[in-house]
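# Breakdown of the fold
Given next are the chains, with one letter for each unit.
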Amino acid sequence: MNILIVFAHPEPRSLNGALRDRMVATLTAAGHDVLVSDLYAQGWKATLDGADFPAEPEGARLQLTDASHRAFASGAQTPDVAEEQRRLLWAHAVILQFPLWWFSMPAILKGWVERVFAHGFAYGVGEHSDRRWGDRYGEGVFAGKRAMLVLTAGGWVEHYAERGINGPMDDLLFPIQHGILFYPGFSVLEPFVVYRAERMNEERFRAITTDLDRRLERLFVEEPIPYRRQNHGDYEIPSMRLKEGLGAGKQGLRLHRA
Ligand code: FAD
């Protein structure tokens, strides 16, 4: 199978760099084809702006979704964006790997999403009407593909537990897992999180990489997170509210897990 790792750490000799190398070795040894988009090494442009749309008329007010749509539809995207889209289409599974920075992904990775997930490609697809709100949340360009986050965090696991001061990791990752990955159709696996990452030693590193290997072995068989699909009857149309009676006993973001 084809696997794309999108790697967002500036230092190849970091813990993240070591985990990335381990993933490449493990996946390759298992017979997969692996590509790495190493965003810092590629000098990835992190900001979405007018330079992304060279075919737009000079001096015209920049309307980003429209410009994104036109560039995607007419093949006028910048080559770096088009290449990442090709890689995504090639992949059967995509791994986003990053250190948790300010409770989210590093800016360079967010910028990769903003630029690569173009209108007409990853959003704004399918029928938009009173009956239907497009192909998203379980449908879309990446339907049938798998995605997983591999991340490291300085904080303790307890700090990210249900009553932990940072808030549950599952909630913090919701915008990425549900909003960025499930939205354009990926089946999203539970994340692989290394807590207390700065307190590492050889023994811990061995245990962590063994666990990571086990997760990678199950990349194509593990049950994905059961996020509710938009177009399968759980939501009222067109308000897109979860129907009364569903999600009993759950609140907040958990409502969207079946
Ligand atoms: P590194 O610093 O490279 O390494 C961590 C440890 O692993 C070191 O002790 C290193 O010696 C060891 N190590 C590296 N490679 C190996 C190897 N091959 N074998 C054995 N040991 C090894 N944390 C949070 O929890 N929440 C936040 O919101 C948050 N925000 C942050 C914001 C910023 C801007 C920054 C810089 C940090 C933030 N942190 C936060 C901490 C951050 O998540 C961790 O510093 C990061 O995850 C550590 O990963 P790294 O790859 O950079 O580790």
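Please refer to the structure higher up on the page.
Described below are features of the structure shown in this document. (Residues numbered from 1 in each chain as written. Predicted model: local features only at pLDDT ≥ 70, side-chain atom pairs only at ≥ 80, totals over all residues. Heavy atoms only, no water.)

### Observations concerning the pairing of strand β1 (residues 2-7)
What counts here: Throughout, exposure labels follow a simple rule: accessible area from a 1.4 Å probe, protein chains only, divided by the maximum for the residue type, with under 20% read as buried, over 50% as exposed, and the rest as partly exposed. Helical segments are the DSSP runs of H or I of at least four residues, strand segments are the runs of E of at least two, and each set is numbered from the N terminus. Any two strands are treated as partners once DSSP identifies two or more bridges connecting them. Handedness of a crossover: with both strands directed away from the viewer, a clockwise path from the first strand across the helix to the second marks it as right-handed.
When you tally the buried positions in β1, you get 6 out of 6 residues, the bulk of the element. Side chains Asn2, Leu4 and Val6 of β1 all project onto a buried face; the interleaved residues Ile3, Ile5 and Phe7 project onto the opposite face, where all are buried too. Sheet topology note: the β1/strand β2 (residues 33-38) ladder contains 6 bridges and is parallel. Residue pairing across strands places Leu4 opposite Leu35, the latter belonging to β2. Taken together, β1, helix α1 (residues 15-29) and β2 constitute a β-α-β crossover, and its handedness is right-handed.

### Side note on the layout of surface pockets
Note the threshold: The method works on a 1 Å grid over the protein atoms by themselves. A cavity is a set of points holding a 1.4 Å probe that cannot get out, a pocket is an open set with protein on both sides within 12 Å along at least five of seven lines, and residues with an atom within 4 Å of a point line them. Grid points are joined across faces, edges and corners, and a volume is the space filled by probe spheres set on the points. Put simply, Ala, Val, Leu, Ile, Met, Phe, Trp, Tyr, Cys and Pro go in the nonpolar bin, Asp, Glu, Lys and Arg in the charged bin, and everything else, Gly too, in the polar bin.
For the largest pocket, the calculated volume is near 370 Å³. Residue lining of the largest pocket: 22 residues in total, with Val113, Glu114, Phe117, Ala118 and Tyr123 positioned closest to the centre. Elements supplying a minimum of two residues to the lining of the largest pocket: α2 (64-74), α4 (107-116) and α6 (174-182). Among the residues making up the lining of the largest pocket, the classes are represented as 12 nonpolar, 6 polar and 4 charged.

### What to know about the environment of Arg254
Heads up, the rule is: In what follows, residue pairs with any heavy atoms lying within 4.5 Å of each other are defined as contacts. Identification of polar contacts relies on pairs of N or O atoms within 3.5 Å, with a donor-acceptor requirement for protein atoms, meaning one able to donate a hydrogen and the other able to accept it, and with residues adjacent in sequence counted only if both atoms are side-chain atoms.
Among the structural elements, Arg254 can be located in the segment after α7 (202-217). On the accessibility criterion, Arg254 (22% relative accessible area) is partly exposed. Taking C-alpha positions, Arg254 is 9.4 Å from Phe174, a pair spaced 80 residues apart along the chain. Apart from the residues within four sequence positions on either side, Arg254 is in contact with Glu162, Pro168, Asp170 and Asp171. Separated by 2.9 Å, the side chains of Arg254 and Asp171 make a polar contact.

### Quick notes on α2
The cut-off we apply is this: The arc under discussion is defined with respect to the helix axis, by the directions toward the C-beta atoms.
Along α2, the residues classified as buried are Ala67, Ser68 and Ala71. Burial along α2 is one-sided: seen end-on, the buried residues are contained in an arc of 100°. Residues of α2 that are exposed and point more than 90 degrees away from the buried face comprise Ala73 and Ser74. Just beyond α2, the residue with positive phi is Gly75, at close to 70°.

### Topic: the environment of Ser239
Here Ser239 lies in the segment after α7. The exposure class of Ser239 is partly exposed, given its relative accessible area of 43%. Expressed as a C-alpha distance, the spacing of Ser239 and Asp130, which sit 109 residues apart in the sequence, is 9.4 Å. Separated by 3.2 Å, the side chains of Ser239 and Glu236 make a polar contact.

### Description of the site of the ligand
The following threshold applies: For each residue, the test is whether any non-hydrogen atom lies within 4 Å of the molecule or strand; if one does, the residue is near. Residue-level accessible areas treat just the shown protein chains as cover; the underlying method is Shrake-Rupley with a 1.4 Å probe.
Every one of the 20 residues lining the ligand counts as a neighbour, but His9, Phe103, Thr152, Tyr160 and Glu198 are closest to it. Contact distances for the ligand include 3.1 Å between a nitrogen atom and a backbone N or O atom of Gly154. Taking Gly155, its main chain carries an N or O atom lying 2.8 Å from an oxygen atom of the ligand. In isolation the ligand has 1,000 Å² of accessible area, and contact with the protein removes 68% of it. Within the residue set of the shell around the ligand, elements represented by two or more residues are α1 and α7. With 3 residues, α1 is the single largest residue contributor to the shell around the ligand. Taken together, the residues of the shell around the ligand break down into 12 nonpolar, 6 polar and 2 charged.

### Here's the deal with a nonpolar patch on the surface
The test is simple: Patch membership requires more than 30% relative accessible area and the absence of a salt bridge. Residues of like charge join within 9 Å; the nonpolar side chains Val, Leu, Ile, Met, Phe, Trp and Tyr join within 5 Å. Counted as salt bridges are all cases of a side-chain nitrogen of Lys or Arg within 4 Å of a carboxyl oxygen of Asp or Glu.
A grouping of Leu48, Leu62 and Leu64 is seen on the molecular surface, where their side chains present a nonpolar patch of about 210 Å² in accessible area. Position of Leu62 relative to the elements: it lies in the loop between β2 and α2. A relative accessible area of 35% places Leu62 in the partly exposed class.

### What about the packing of α1 against α7?
Note the following rule: To obtain an axis, a line is fitted to C-alpha atoms, over the contacting stretch when the element is a helix, and the angle between two such axes runs from 0 to 180 degrees between their N-to-C directions. Between 65 and 115 degrees an angle is taken as roughly perpendicular, under 35 as roughly parallel, over 145 as roughly antiparallel, and anywhere else as oblique. Two helices cross in a left-handed way if the nearer one is turned anticlockwise from the farther one by less than a right angle. They cross in a right-handed way if the turn is clockwise.
Closest axis-to-axis distance for the α1/α7 pair is 10 Å, and the angle between their directions is 40°. The orientation of α1 with respect to α7, classified from their angle, is oblique. The hand of the α1/α7 crossing is right-handed. Residues Leu15, Ala18, Leu19, Arg22, Met23, Thr26 and Leu27 of α1 form the contact with α7, whose own contacting residues are Phe205, Ile208, Thr209, Thr210, Leu212, Asp213 and Leu216. Taken together, the residues of the contact of α1 with α7 sort by class into 9 nonpolar, 3 polar and 2 charged.

### Re empty space enclosed by the protein
This model, assessed by the stated rule, comprises 1 cavity of 30 Å³ or more. Its volume calculated, the largest cavity comes out at about 40 Å³. Lining the largest cavity are Asp170, Asp171, Phe174, Tyr227, Leu253, Arg254 and Arg257. Partitioning the lining of the largest cavity into residue classes produces 3 nonpolar, no polar and 4 charged.

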